[in-house]
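Structure assessment
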Amino acid sequence: MTSVIEKHETRQQLLDAVELMPELPKSVREVLRLSNDATTSQKELVDVIKRDPVFTLKMLRLVNSPYFGLSREITSINHASVYLGLNTLKNVAVCLGIVGVVPHFNPAGLEMGAFWLHSLAVASGTRMLGAMLGVSRDEAADYFAAGLLHDVGKVVMALHAPEQFSQVREIAIETDGVLSRMEMNHMGMTHSEIGGLLAEKWNLPRGLHDALRLHHTPLEGKPSQLVDCVFVADQIAKKLAFGSAGDYTVLELPQPIQDRFSLDLNGLIKEMGSLDEEVENARIFIQLGEPG
């Protein structure tokens, strides 16, 4: 049984750890700053990316991959911005930047290959669910980014409170419990809360902030289609065993979410027959995002 004092100490340790997480690359920080300014032109955003040759190369490789499936080769960031739109370009930059600053290893034994496979499945599922609800291709980039980054708070726990996080994961598995509830009971906060704090540290857009913070509690606050899609995609990824992020309990969809889709979880899975292919095409985000 974790004492109140131990829980408080772990919580403070995690709060401090958020500040120890690396900053995003300068080019990504500048892209985020400019994208928050309604007066920013396409040329300004493109010029920022072009100043970083390595990042530019990675983005072009991604744009020309099967993930986007464009009919012609894109040879410049200028062309990419025209074909994809600035919002998609911004989200690509953010995803690659964050994957690049997340360490490959951690002392808690959170296996990052399985972690990113789960995250890719949630990202692909979130994007597909958004498309089912009629979001545009450009807006769908927000959905993919939210799914890809939804569990990044777990990495902070695995890095900076490894013993406690390992114990909590074991308890969740042994009791078939919900990991986020075990985190709160034994560590004083959840990975979702940490994700929200990271979103603030990195100045991520509000929608991403809400998705990271509320993806286990989608009925908190005002209704959000994006948060609902991340929640559902997370359950689908767990049910279909796409990788693992230490949480195996598949939760039922709350009635308001079922009403939004007019389907239950099994019905949604049947509608998403191409998830395997989507995840395979999305693997390039991890391959290109990792340093080296």
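Residues numbered from 1 in each chain as written. Predicted model: local features only at pLDDT ≥ 70, side-chain atom pairs only at ≥ 80, totals over all residues. Heavy atoms only, no water.

Topic: the overall build of the protein chain
This is how the line gets drawn: Put simply, DSSP marks the helices as runs of H or I at least four residues long and the strands as runs of E at least two long, and each gets a number from the N terminus on. The globule rule is 2.2 Å times the number of residues to the power 0.38, and the radius of gyration it is compared with is taken over C-alpha atoms. A 1.4 Å probe rolled over the protein chains alone gives each residue an accessible area, and that area as a share of the maximum for its type sets the label: buried under 20%, exposed over 50%, partly exposed in between. The contact definition used throughout considers only heavy atoms, calling two residues in contact when any of these lie within 4.5 Å. Under the convention used here, a 1.4 Å probe and the Shrake-Rupley method define accessible areas, while residue burial counts only the protein chains that appear.
Looking only at helices and strands, the protein chain has 18 helices and zero strands in total. Taking 19 Å as the expected radius of gyration for a compact globule of 292 residues, we find that the protein chain reaches 19 Å, a close match to that expectation. Considered along the principal axes of its C-alpha atoms, the protein chain spans approximately 60 × 40 × 35 Å. Taken over 292 residues, the protein chain has a buried fraction of 54%. Taking the contacts inside the protein chain whose residues are at least 6 apart along the sequence as the reference set, 72% of them involve residues at least 24 apart. Of the accessible surface of the protein chain, which amounts to about 13,200 Å², a share of 52% is contributed by carbon and sulfur atoms.

So, the UniProt feature "domain: HDOD" (unreviewed entry) in the protein chain
Rules: UniProt positions are given in the numbering used here, feature names are shortened, and annotations may be inferred rather than shown by experiment.
In the UniProt entry, the feature "domain: HDOD" (unreviewed entry) is given for residues 21-218. Secondary structure content for residues 21-218 is 71% helix and 0% strand, while the C-alpha to C-alpha distance between its ends is 26 Å.

Some points on helix 5 (residues 77-84)
Basically, it comes down to this: The arc in question is the one traced by the directions running from the helix axis out to the C-beta atoms.
Listed in full, the buried residues belonging to helix 5 are Ile-77, Ala-80, Ser-81 and Leu-84. Projected onto a plane normal to the axis of helix 5, the buried residues spread over an arc of 100° and lie on a single side. Contact partners of the buried residues in helix 5: helix 3 (42-50), helix 4 (53-63), helix 6 (86-101) and helix 8 (137-149). Positive backbone phi, approximately 95°, marks Gly-85, located one or two places after helix 5.

Notes on the packing of helix 2 (residues 26-35) against helix 6
For the record, the criterion: Helix axes are fitted only over the stretch in contact, all axes being lines through C-alpha atoms; the angle between N-to-C directions runs from 0 to 180 degrees. Left-handed describes a crossing in which the near helix is turned anticlockwise from the far one by less than a right angle; the clockwise case is right-handed. Note on residue categories: nonpolar means Ala, Val, Leu, Ile, Met, Phe, Trp, Tyr, Cys or Pro, charged means Asp, Glu, Lys or Arg, and polar means any other residue, Gly included.
Across the interface, helix 2 lies against helix 6 with an axial gap of 9 Å and an inter-helix angle of 145°. Crossing geometry of helix 2 relative to helix 6 is assigned as left-handed. Residues Val-28, Val-31, Leu-32 and Ser-35 of helix 2 form the contact with helix 6, whose participating residues are Lys-90, Ala-93, Val-94 and Gly-97. For the contact of helix 2 with helix 6, the per-class residue count stands at five nonpolar, two polar and one charged.

A few points about the environment of Leu-204
As for its position among the elements, Leu-204 is in the loop between helix 12 (191-201) and helix 13 (206-214). On the basis of relative accessible area, Leu-204 is assigned to the buried category, the value being 10%. Along the backbone, Leu-204 and Asn-36 are 168 residues apart, and their C-alpha atoms lie at a distance of 9.5 Å.

With respect to the nonpolar core
One broad rule of soluble globular proteins: the nonpolar side chains tend to lie buried together. Put simply, the rule reads: Nonpolar cores are built from buried Ala, Val, Leu, Ile, Met, Phe, Trp, Tyr and Cys residues. Side-chain atoms within 4.5 Å join them into one set.
Among the nonpolar cores identified, the biggest contains 100 residues, and Met-59, Phe-144, Leu-148, Leu-204 and Val-232 are the most heavily contacted of them. Each residue touching Met-59, except ones within four places of it in the same chain, is listed here: Ile-49, Ile-77, Leu-89, Val-92, Ala-93 and Leu-96.

Here's the deal with the side chain of Ser-180
Tracing the backbone shows Ser-180 in helix 11 (residues 179-187). Contacts of Ser-180, omitting those with residues within four sequence positions, involve Thr-190, His-191 and His-216.

Looking at the packing of aromatic side chains
The condition that has to hold: Note on aromatic contacts: the rings of Phe and Tyr and the six-membered ring of Trp form a pair at centre separations within 6.5 Å, being stacked when their planes are under 30 degrees apart, edge-to-face when over 60 apart, and tilted otherwise.
On inspection of all chains with the given rule, the structure shows five aromatic pairs. Relative to Phe-285, the ring of Tyr-67 has its centre 5.0 Å away and its plane inclined at 85°; by these criteria the two rings are edge-to-face. Of this pair, Tyr-67 sits in the loop between helix 4 and helix 5 while Phe-285 is found in helix 18 (residues 284-289), placing the two residues 218 residues apart along the sequence. Its relative accessible area of 9% is what places Tyr-67 among the buried residues.

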